[in-house]
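Take a look at the letters that make up each chain.
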Amino acid sequence: LGFVWPGQPALFRSLTAALGPGLGLLCGDEQTGKTTLMRLLAGELRPDAGSLVLAGRSIGAGWAGFRPDMVRPELDPAPVGQWLREQVPEGPARDRLEDSLDGLSLREHLPKTFHMLSAGGRRKVGLAAAMALQPPLTLLDQPFSALDLPSIRFMTAWLNRQSQATDRLV
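Worth saying up front: this structure is predicted, and the values here are computed from it rather than measured. Here the residue numbers are simple positions, counted from 1 along each chain's written sequence. Residue-level local features of this predicted model are given only where pLDDT is at least 70; pairs of side-chain atoms are given and counted only at 80 or more, and the full residue set underlies all totals for whole chains, interfaces and linings. To get the side-chain values, take all heavy atoms of the structure and skip hydrogens and water.

Novice: Give me the nonpolar core: which residues, what numbers.
Specialist: To qualify as a nonpolar core, a set must consist of buried Ala, Val, Leu, Ile, Met, Phe, Trp, Tyr and Cys residues joined through side-chain atoms within 4.5 Å. Summary of the burial criterion: residues with accessible area below 20% of their type's maximum are buried, those above 50% are exposed, and those between are partly exposed, where the area comes from a 1.4 Å probe applied to protein chains only. Membership of the largest hydrophobic core comes to 24 residues, with the highest contact counts inside it found for Leu84, Leu97, Leu104, Val125, Leu140, Met155 and Trp158. Under the scheme used here, helices are H or I runs from DSSP no shorter than 4 residues and strands are E runs no shorter than 2 residues, and both carry numbers assigned from the N terminus. Mapped by element, the contributors of at least two residues to this core are helix H2 (80–87), helix H3 (92–103), helix H4 (119–133) and helix H5 (149–162). The element contributing the most residues to this core is H4, with six residues. When checking whether two residues touch, look at their non-hydrogen atoms; a contact exists if any pair is within 4.5 Å. Residues in contact with Leu84, not counting those within four places in the same chain, are Leu97, Leu101, Leu110, Val125 and Ala129. Residues Phe3, Leu41, Ala42 and Leu45 belong to the second largest nonpolar core, which totals 15 residues.

Novice: So what's going on with the packing of H4 against H5? Residues and values would help.
Specialist: To obtain an axis, a line is fitted to C-alpha atoms, over the contacting stretch when the element is a helix, and the angle between two such axes runs from 0 to 180 degrees between their N-to-C directions. Orientation of H4 relative to H5, taken along the N-to-C sense of each, is 25°, at an axis distance of 12 Å. In this view, H4 runs roughly parallel relative to H5, as classed from their interaxial angle. As for the relative orientation of H4 and H5, their crossing is left-handed in sense. Taken together, the residues of H5 that come into contact with H4 (itself represented by Lys124, Leu127, Ala130 and Met131) are Ser151, Phe154, Met155 and Trp158. Looking at the contact of H4 with H5 residue by residue, the classes come out as six nonpolar, one polar and one charged. An angle below 35 degrees is treated as roughly parallel, one above 145 as roughly antiparallel, one from 65 to 115 as roughly perpendicular, and anything else as oblique. By convention, the crossing between two helices is left-handed when the near helix turns anticlockwise from the far helix through less than a right angle, and right-handed when the turn is clockwise. Asp, Glu, Lys and Arg are counted as charged, while Ala, Val, Leu, Ile, Met, Phe, Trp, Tyr, Cys and Pro are counted as nonpolar; the rest, among them Gly, fall into the polar class.

Novice: Provide a residue-level description of the packing of H3 against H5, including the pertinent values.
Specialist: In the contact formed by H3 and H5, the axes pass within 9 Å of each other and the chain directions differ by 145°. Every residue of H5 that contacts H3 at Asp99, Ser100 and Gly103 is listed here: Pro150, Ser151 and Phe154. Class assignment of the residues belonging to the contact of H3 with H5 gives a composition of two nonpolar, three polar and one charged.

Laid out in structure tokens, this is it:
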């Protein structure tokens with residue numbers, strides 16, 4: 001994989017990685033390309049060289065990883081509850097959403113519009129959707145940022161469960 005920001009030295013040159021299902025962690029110093037790599041994995045950016053493949057499917061060709069902080073619901077005039085119902089289909093995903101609404105203390109915010117929520121509240125909505133949808137790839141950039149302690153505990157328990165997943169990577 002290769003990627004260069006215009007006018008900058010190459011950020012990635014011949015980067016090769018293979019990741020299995022479960023829970024992955026990307027660590028590094030500031031300004032080393034962690035967020036850029038996540039944006040590439042989300043299909044938000046295109047690599048200059050190489051390709052990204054998830055379960056045999058090219059990332060960026062009509063499919064992208066789910067990144068809760070990439071969702072910009074604060075621009076949506078719909079109430080939070082309506083937006084979540086539109087994102088999360090009926091069935092097991094909706095049941096998981098109900099669990100996340102309780103675990104992230106979001107129920108009282110469902111009738112509010114996104115502009116009425118704090119940064120932590122907006123982040124929780126994206127996390128609740130990700131926890132419910134369980135896409136093949138979920139990308140979390142600083143997952144505990146702007147969360148209260150009970151939500152951090154709930155999120156930690158969810159991440160622990162994801163480490164056992166055999167069909168998706170978080």
